[in-house]
Each structure stands twice: as C-alpha cells, then as structure tokens.
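What follows is the residue order along each chain.
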Amino acid sequence: MAYNKTKFIEAAQKHLNQGRVSQAIVEYQNILRHEPKDQVTLMTIGDLYVRQGETFQALEYFERLAQLFLNDGFVGKAIAIYKKIAKLAPEEIKPLERLAELYAQQGVMSEARPLYLHLAEVHLKANRHKQAVALLRTLLQAEPENVRVLTRLADVYHAMGQDEEAVEAHLRGAQRLIERKDTGEAQKFIESALELNPTHAGALALKARALAAKGNGAEAVKLLESLPHLEAGSEAAALLSDQYLETGAPDRAAALALKVFEHTNKYDLAYKVGSALVDAGECDRALELLEPIRKPMIDAGDHDRLAQALTAAADRLLGRLEPLEWLVDLYSQTNDSFRLPHAMSRLAEAAVAAGNLAQAKQVYERLLDRDRTDEATRRRLNQVRARMGLEPVGESGRVEVAKSATEEARVEAKPVPVESAMDEETHRFVNQALTDIDLFSSYGLAQKATDLLETVLERAPRHPVALEKLLDFSLGAGNDKRTAQIAAQLEQIYRERGDAKNADRFSELHQRFERAAGAAIEGPPTPLTREFAVPMVEAAPVAPAESSAAVEPVHEVDLSEEWAALAEQVVQAMQAPRQASAATAEADTLEAAEGAETAPEYQLQLKPAAQPQEAMSEESFLSELATDFDELAPDSTATNAATSAPVSEPVAEGQAGLLGVVFEEFRAALGETSAEKEDLETHYNLGIAYREMGLLEEAIGEFQKVAKAMDKGQSFHYDMQCCTLLGLAFMEKGQPEIAAIWYERALRTPGLDQESILALRYDLGVAQQQAGEEAAALESFSQVYATNIDYRDVAERIAALGKHR
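Worth saying up front: this structure is predicted, and the values here are computed from it rather than measured.

### Some thoughts on the packing of aromatic side chains
Scanning all chains against the criterion turns up nine aromatic pairs. Every member of this aromatic cluster is reached through a ring pair, and the members are Y684, F703, F716 and Y718. Sitting above the plane of the F506 ring, R505 keeps its charged end 4.4 Å from the centroid.

### What to know about unusual backbone geometry
The backbone phi angle of N265 is positive, close to 65 degrees, even though this residue is not glycine. Position of N265 relative to the elements: it lies in the loop between α15 (250-264) and α16 (268-279). Residue N265 is classed as exposed on the basis of its relative accessible area, which comes to 53%. The backbone of N335 sits at a positive phi, close to 55 degrees, despite the residue not being glycine.

### Section: the nonpolar core
In this structure, I81, Y103 and Y684 are the most contacted members of the largest nonpolar core, which totals 110 residues. The residues touching I81, leaving out its near neighbours within four places in the chain, are M43, F62, L65, A66, F69 and M693. The next biggest cluster of nonpolar side chains, apart from the first, holds 82 residues, and it includes L239, A270, A286 and I298.

### A few points about the environment of L88
Mapped onto the secondary structure, L88 falls in helix α5 (residues 75-88). We classify L88 as partly exposed; its relative accessible area is 27%. Through-space distance from the C-alpha of L88 to that of A58 is 9.1 Å; in sequence the pair is 30 residues apart. Setting aside its immediate chain neighbours within four residues, L88 contacts V50, T55, L59 and F62.

### Looking at the packing of helix α19 (residues 322-333) against helix α20 (residues 340-353)
For the pair α19 and α20, interaxial distance at closest approach is 9 Å and the crossing angle is 155 degrees. With respect to their mutual orientation, α19 and α20 come out roughly antiparallel. The two elements α19 and α20 cross, and the hand of that crossing is left-handed. Residues L324, E325, L327, V328, Y331 and S332 of α19 form the contact with α20, whose own contacting residues are L340, A343, M344, R346, L347 and A350. Residue composition of the contact of α19 with α20, by class: nine nonpolar, one polar and two charged.

### Let's talk about the pattern of salt bridges
Across all of its chains, the model carries 35 salt bridges by this definition. For the salt bridge of R98 with E101, the shortest nitrogen-to-oxygen distance reads 3.0 Å. Within this pair, R98 and its partner E101 are both found in helix α6 (residues 93-106), separated by three residues, close to a single helical turn. One continuous salt-bridge network, built from bridges that share partners, spans K5, E35 and D38.

### Let's talk about the packing of helix α12 (residues 201-213) against helix α14 (residues 235-246)
The packing of two helices is summarised by the inter-axis angle and the distance between the axes. Running from amino to carboxyl end, α12 crosses α14 at an angle of 25 degrees, the nearest separation of the two axes being 10 Å. Between α12 and α14, the angle falls in the class roughly parallel. Crossing handedness for the pair α12 and α14: left-handed. Along the contact surface, α12 presents A205, A208, R209 and A212, while α14 presents E235, A236, L239 and Q243.

### Focus on the confidence of the model for the protein
Confidence in the prediction for the protein averages 75 pLDDT; 75% of positions are at 70 or higher. For the protein, helix α31 (residues 638-641) is the element with the lowest average pLDDT, namely 36, and helix α36 (residues 736-747) is the one with the highest, namely 94. In this model residues 519-557 is a low-confidence stretch, pLDDT under 50, and it forms 55 contacts with partners more than four residues away in sequence or in other chains. Between residues 573-656, whose pLDDT stays under 50, and residues either more than four places distant or in other chains, the model counts 112 contacts.

So, how was this worked out
- Residues numbered from 1 in each chain as written.
- Predicted model: local features only at pLDDT ≥ 70, side-chain atom pairs only at ≥ 80, totals over all residues.
- Heavy atoms only, no water.
- Phe/Tyr/Trp six-rings, centres within 6.5 Å; stacked < 30°, edge-to-face > 60°.
- Lys NZ or Arg CZ within 6 Å of the ring centre and 35° of its normal.
- Helix = DSSP H or I, 4+ residues; strand = E, 2+ residues; numbered from the N terminus.
- Buried < 20%, exposed > 50% of the residue type's maximum accessible area, 1.4 Å probe, protein only.
- Core = buried A, V, L, I, M, F, W, Y, C linked by side-chain atoms within 4.5 Å.
- Contact = heavy atoms within 4.5 Å.
- Axes fitted to C-alpha atoms, helices over the stretch in contact; angles between N-to-C directions.
- Parallel < 35°, antiparallel > 145°, perpendicular 65-115°, else oblique.
- Left-handed = near helix turned anticlockwise from the far one by under 90°.
- Nonpolar A, V, L, I, M, F, W, Y, C, P; charged D, E, K, R; others polar.
- Salt bridge = Lys/Arg side-chain N within 4 Å of Asp/Glu carboxyl O.
- pLDDT = per-residue confidence, 0-100.

Okay, structure coming up:
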C-alpha cells in the first residue's frame, strides 16, 4: 500500500477530536516511519505526550527535533527546544548542559553562565567535586579572559585540597592581569600562589616579570638568577636575558644565550639576543652568537630569519666581511638564485674596499660564471685584475692579450676608470635601484622604472648599465632622438675604456637613430636631461667616508600606489559576494518582520541564527582556547559522569561546608559580570525561535533584553520589529494593555514608511479595543481610516465602536 501522509494526518485529527490521544500518536508515528526527519510531526508527538503526562516519552522526540535543528544549522531553534525540555524536566542534567553549551557557542554568556553555575552547584551538593570543577573549567573556556573565574576556581581547588591546581589557576589569573598592564593586582595573585608553594619556579618567574614591568629590573634580575636550571632554556632564561639587555649587561645576556644553546642545541634564545644586539649596535657580540647557530638554523629551514639578522649586521658593519660571507654561504646552500647574486656583489665590493683583491677577484669570477653576458660584472672583474697587474678577460671568460703595441700604449696611457671610485653608499644605492628597476619592468611599470633610472644617472652620470637600461626604455617608447642621444654617450664611455666592440655597437645605434630622428647631434654629446620629472627628497647630512665628498641621499623606491590599487581591487572583489549575501539576509529578515505586521495570524519566518560552518568555527575556537587549561583538566570521565547516577566521593570532614561557602562567593562575584554587552541580533533571533516553539515567556525575555540595550544607546537595525514582536507576544498572552505600550513605542521609531505606520496604528487600535480603551481605539482606527479608507476592516471597526458610544 502506497504511503499517503494526508490520510495519516486526517486519521490522527479524527482521533484527537474524539479525545483518543494515544491513537492519534500512533498515526503520527506511522508518518515518522516514512519521514523520520519530519520536524512538525516530531513536535506534534512530543506535545501530545506532554498532554498525556508522559514527559519522558516527550523528551525523546524533542531531543530528536533539537538534533535535526542543529544539523541544519538552526542553533536558535535548537536552543528553544532545549529550553522547552529544561522546563519539562528541570531535574535532568544533560539537557541543561547542552543548553549551556549552545548559549556559550552563540556568545550569550548572560544565559550560559548561570546555567553552568547551577549545574556546578548541583554536582557540588552531590559530592561530585570533579564534575563541578569540570563545569567551571568549561565556563572558563568560554570566558578565558575572566580573571575572577580563574581566581575563584583556584579557591575551589584549594578547598578541595588540590593545591597544585590552585597554584596554576592563580598564576593564569596573574598572567592575564600582567597582559592588561595591571601588575599591582597581578602581584597579589602571585603571592597567593607562592603561599601555597613558595618554591614554584613558574610563580617566581612570573613575580620577576611583574617586578620588571613595574621598573624594578635589578630586583627582577636577582630573583631570576636564583632560579635553578636556567640552562634548560625555560621562560625564566628568556626573561633574564631580556633584563640583562635592558639593564645594560649585553655580555651576560650573550653568555646566557650561548649556555642555553650549548646545553639544549636550541637556537631561539641565541637568535633573539643576537638580533637585539644587532639593533643595539653591539654587532661584534652579535656575530659571536650568530656564527654557531648558522648551521642549525639552515638545517631547520629557518632561512628568512637568519638572512634578516645577517643583513642587518652587514648593513651596520660595513668594514666586516663575515656577515656578507655568511649571507653568500646561506644563499648558496639554499639555492636562492634570486638573492645570491646581490649578496655576492656586495661581498666583492666590500672585499675591494678592504683591499682584499684576491677574494674580490674570486667572487667576481663566480658571478661571471653564473652569467657570461653580465657586462657590469666583467668590467668590475677586469678592474680588479688591472689593479692586481693581470690581463683582462673577454666575453668568453678567457684572458685577452693586447693585439698591437699601439693598443697597449693606449691602455697604459689611459688607465681604465674603475667604478669603485664611487663611495660605498652610492654603490649600494645603484645596486638596489637596478634591482628595483627590474622589478618595475616585470610589473609593466615603465614610467616608474624610467624615473628611477634618471635618479640613478644623477648620482652616477656615466654608469653604463643604467644608461643601457634607459636606452631599452627609450627604444620601447619610440623616442628616436632620445635613443640617439643615449647611444652617443654610451659610445663615448666605451671608447674611453678601450672597449672597441661595444663602442662600435653603440656608434651604429647612434647613427641609425640620429638619421631616423632627422637631426644630427653636433660636437660632444650633451649631458642627459630629464624627460620625466622625478622629485628629489633632501636627506640629512651623512658623515663623509674616506673621501671628503658628502654622501648624497638615497632614493627610496615607492610601490605603495601600485600595491594599494591592486589591494583595493582584490578587496572589492572579495567583498562583493559578502555584501550581496548580507543584503539578502537583511531583506529576508525585513520581509519576515513586515509579514508579522500585516498578516492577521502574525506568523513570522524564523531567521537562522548561524550557518553550520559558523557554528563549527566557534566550536573550533573554543576547543583551541581549551588547550590553555589542559593542566587543570580533571579525569576524562568527569563530564560524562555528570549525567550518571550520583556517586559519593570521600570528603574530608568540614570540606563540604567550606566548598559551599566558596561556591556561594563564586556565584555572587560572577553575578557582577552579567551586564556585559552581547550581540543583540542573537537575542532577537532567540526570541523569534522561542515564540515559534510556544515559549512566550522566554521570547518576551529575549526581546526585552534587546529593548533595554536600545534604551541604553546601543543601536539595532530591527528596533521597530522588536517592539512589534513584543506587542504580538503580549497579545497572545492576553495582555493587550501591555501590548499597546509596545505598539506605541514602535510608532516612535524614526524613519518609518507609510505602510508600517498604518499597520502599527491598526494593531495599536486592536490592542486598545481589547483592553477596553474604546476612545483611544477609535482615535487610532480613525487615523488609519483618514489615510486609507480600505485598510483591512478599519471601517467596520469604527462603525462598531461608534454604536457602542
């Protein structure tokens, strides 16, 4: 026989009309056999069992319904069902625990906190102390920053004789206070921990941290030095090294860091102290720390941090080769082909400046082996070879022998100018600028690259690499006259250097583009003039190096405009679907609320409080927070045991009374925190869910919380709908005089449209009429009638009220 849901419903209704509730339940259960997830049927069967007084059977169906709501992401509806279960069976612990969890998940701690406290008190009275503590820990997971919870939890632990757990709770509270810069209050809790365990290393270290935060660095150092096993690399060792640095004892900080590294082979403290020494200008001591930890950091893949520290040291120690050698070694071992050439170039330049020509020659030869077409490197190598009295190398990398006595005489008469005559700062600027120019070019930012090239040529007017790059951009722009001018200057530079091949190449370019431009360049090449305006920023005077010439300011590359434009496009693309989703959600809610105003039955569509993904993310977040309190965890069976039959635990004489006192203080103290600001939309959605489940008292309570918050100045975009729903709820409770108060308040909402005003005035008139205030009702209906004579049954209501008068 085919399944016919309508027949089962009709049969069940027939049984109900004749008072046969049990038979009606059987018919509805037949529906569940075919549709086990039918929410309406589950709710109906539960309500029918309640009518018969069979509460435990009803709970089974309500539990199934709540789980369905949770699976579909309707947390608000699930909370409403568990609230209903809690009212039906207030002595049952499991539904209350689930309800508390869901409230905490939604962030409604004003509801979750009293539930947790009530459950903990129940366990406490039944001598289930571990379960009570487990619930307090759960509350702490939901409110990890609540210092009062931590300190009261410590009191409970101490009353139970678990002093070690009490110490840990005190210290966590002190840690939170130190993070809030409330070191004075934190010291009180540290002292409480030390009263329980005077030798606790963690408490002593935290005391030293509090002393340091208050400016008592010397006292903090003395306390930390008295702690044992500092070489094990504990938090106390890191704190002590910080205090050494702050109190002007870098040698002691370095010695402690090396001691920890030698004992544990962990380099974090040595790296931290070494980086701090670099920043403080103590680079020699920093190198002593960085040298032994280089290999462990490379082996651990911690390349970026090591490179950052070595680069900072190299920038400060311009005369030292070690940090540059270590950088080259790092990039060679990690096959960083992007940063290795720049590091090798810096090392070669530093070797030249230090007079170590043999090392410079070796590094330049390695660079040239990597790229045979790198004319700049070949030129610098030949400059070094010339200073060493060696023959230059050609394009093949082999030594070129002079072909004639005339050429040899010319080379001897006119030595090759070396770029190393530029000061160190200019060298660094030019190298960095050329790298940035390549970056601009790769992003298609030709104008930026050209501007920066012009800036380079102001600092180094005869730099051939910069001129060649500018020539490429000029060719790409089709500027024949400019191209001819740059080619002429390059021709002259290479002829002066005796590089006939390159000179002839640029001479050919010069002549070709000179003809194309239709204009001859007479006489010697004119100095390059800017085609693009580049603003120059004056820098503060720099101390001269070996030469007396002042170092010019370094031009910084600014990519902010390009990156900002790109970031804005990405953000807009990401926000578009979110804004559309938010607009849709808001429209759905407004549509539901407007439906409530106009429909006679006052039926509202429930808005989901959260999507399943959002609920899972909150649970994940709470789970992550729970890791902070693993050391406080009771037995793994504690939570599960909360739902089982009470099992008495041995309690010391007088302990139960002491625990009761502590717990009462605990409840009173936490009551002070119940006024926190919570999400109004969560309360609003819970009110809707409660109302749909028939829990009018609970629904009114949630809506009134929203209204109270609005009275205190907190904004809420559904303020009119909230007042309207309160009016509807009080009408359903048979209290029209109170409903009228909320309709009047809804009418005072700014910016109402005409249709909303008509609906509210009509509903206000209905409430006033049912409350016996006929004159006020007539006035409300008359205002509606004056605006729309055909609105609902307003004409008939006015006529009826007129007859009564």
